[in-house]
Amino acid sequence: MPWYVSEYIYQYYMITVLQKLNFFEVLLLSVGINLLLYLLSIGCYYLIDRLSRRKSIQEKGQAFTRKDLQTSIYVLCCNALVFVAGVQLWHLGIITVQADAGIPSILPEVILLIIAMDFLMYIFHRTAHLPLFYRLIHGRHHDHESTNAISLFVMHPAEAIGFGFTLIFVLCWYPFSSVAIAVYIFINLLWGTVGHLNKEILPGRWSSALRKSLLGTTIFHNRHHQHPNYNFGFYTSLWDKLFGTLVPEKDKP
């Protein structure tokens, strides 16, 4: 079967199935999807960590605690609830999802999602570092000065919901295709996992070239954990460069 035919079938199937599910079935589906993404992120972390021969970015690794595991499960549940909220808004017509989007439109839509979310997440992240929000909410994520396999999911539940509704806000403004949304969510998971590694996965020359091209690499986000007032970007360092929040050269290793 040609790949473009399978894409159309996927879009139609996703829309048709979601339309027929009741609230509790959507909730169950959401928990399953988010559990799969959670395990996929952890698996990628350990796989990359084992295969990479690069030195650890930080000498002291982050301890794996029961408290962190519990927090990551809470975040998983929050992500599942955000998915359910998105589906409910779709049922109400507030969010529009295309079931028959043309294949050529998927890549531009994914790029649009990445650009819009990168800017909004920069604003959200920088706001989270204001003293009040940092003390009450975001400081939980910075308990991890280094990283481990669940660092991506160690955050205050309110922050997880906030990030989720940032995506919902974007989806309310444009009728993205279901495939574009799915691809973006996968990229988001992969980028978040790579950003919270304790090893750079690329050779030094490639890593340096990517940083110069404004992509947010492992080292870029790792420096944020070392210097919390800098490097707020997620997918890129563009907004940090524009607003003067890149880690100063004197603080770079």
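Residues numbered from 1 in each chain as written. Predicted model: local features only at pLDDT ≥ 70, side-chain atom pairs only at ≥ 80, totals over all residues. Heavy atoms only, no water.

1. Considerations on the confidence of the model for the chain
Part 1 of the argument: In the predicted model, the chain carries a mean pLDDT of 86, and the fraction of residues at 70 or more is 86%.
Part 2 of the argument: Least confident of the elements in the chain is helix α8 (residues 204-212), whose mean pLDDT is 59; most confident is helix α6 (residues 157-171), at 96.
Part 3 of the argument: Counting contacts from residues 1-5, a segment whose pLDDT is below 50, to residues more than four positions away or on other chains yields 4 contacts. (pLDDT = per-residue confidence, 0-100. Helix = DSSP H or I, 4+ residues; strand = E, 2+ residues; numbered from the N terminus. Contact = heavy atoms within 4.5 Å.)

2. Re the layout of surface pockets
Part 1 of the argument: Of the voids in this model, the largest pocket is the one considered here, and its volume is about 1,500 Å³.
Part 2 of the argument: What lines the largest pocket is a set of 50 residues, and nearest its centre among them are Asn34, Leu37, Leu167, Ile185 and Asn188.
Part 3 of the argument: Those elements giving two or more residues to the lining of the largest pocket turn out to be α1 (3-20), α2 (23-51), α3 (66-91), α4 (103-128), α6 and α7 (178-195).
Part 4 of the argument: No other element matches α7, which puts 9 residues into the lining of the largest pocket.
Part 5 of the argument: Residue classes in the lining of the largest pocket are distributed as 36 nonpolar, 13 polar and 1 charged. (1 Å grid on protein atoms, 1.4 Å probe; cavity = no way out; pocket = protein on both sides within 12 Å on 5 of 7 lines; lining within 4 Å. Points joined across faces, edges and corners; volume = space filled by probe spheres on them. Nonpolar A, V, L, I, M, F, W, Y, C, P; charged D, E, K, R; others polar.)

3. What about α2?
Part 1 of the argument: Taking 1.5 Å per residue as the helical rise, α2 with its 29 residues ought to reach 42 Å, and the 42 Å between its terminal C-alpha atoms agrees with that figure.
Part 2 of the argument: Turning to α2, its buried residues number three or more, namely Val26, Ser30, Asn34, Leu37, Tyr38, Ser41, Ile42 and Tyr45.
Part 3 of the argument: Where the residues of α2 are buried, they touch α3 and α7. (Expected span 1.5 Å × (residues − 1). Buried < 20%, exposed > 50% of the residue type's maximum accessible area, 1.4 Å probe, protein only.)

4. Focus on the packing of aromatic side chains
Part 1 of the argument: On inspection of all chains with the given rule, the structure shows 12 aromatic pairs.
Part 2 of the argument: Ring centres of Phe124 and Phe163 lie 4.5 Å apart, and the angle between their planes is 45°; on these two criteria the pair is classed as tilted. In this pair, Phe124 is assigned in helix α4 and Phe163 in helix α6, connecting sequence segments 39 residues apart.
Part 3 of the argument: Accessibility expressed as a relative area gives 21% for Phe163, which makes it partly exposed. (Phe/Tyr/Trp six-rings, centres within 6.5 Å; stacked < 30°, edge-to-face > 60°.)

5. Here we look at unusual backbone geometry
Leaving glycine out, the prevailing phi sign among residues is negative, and the prevailing peptide bond configuration is trans.
Part 1 of the argument: In this model, Asn231 sits at a positive phi of 55°, which is unusual for a non-glycine residue.
Part 2 of the argument: Here Asn231 shows up in the loop between α9 (218-226) and α10 (238-243).
Part 3 of the argument: Under the relative-accessibility criterion, Asn231 is labelled buried at 2%.

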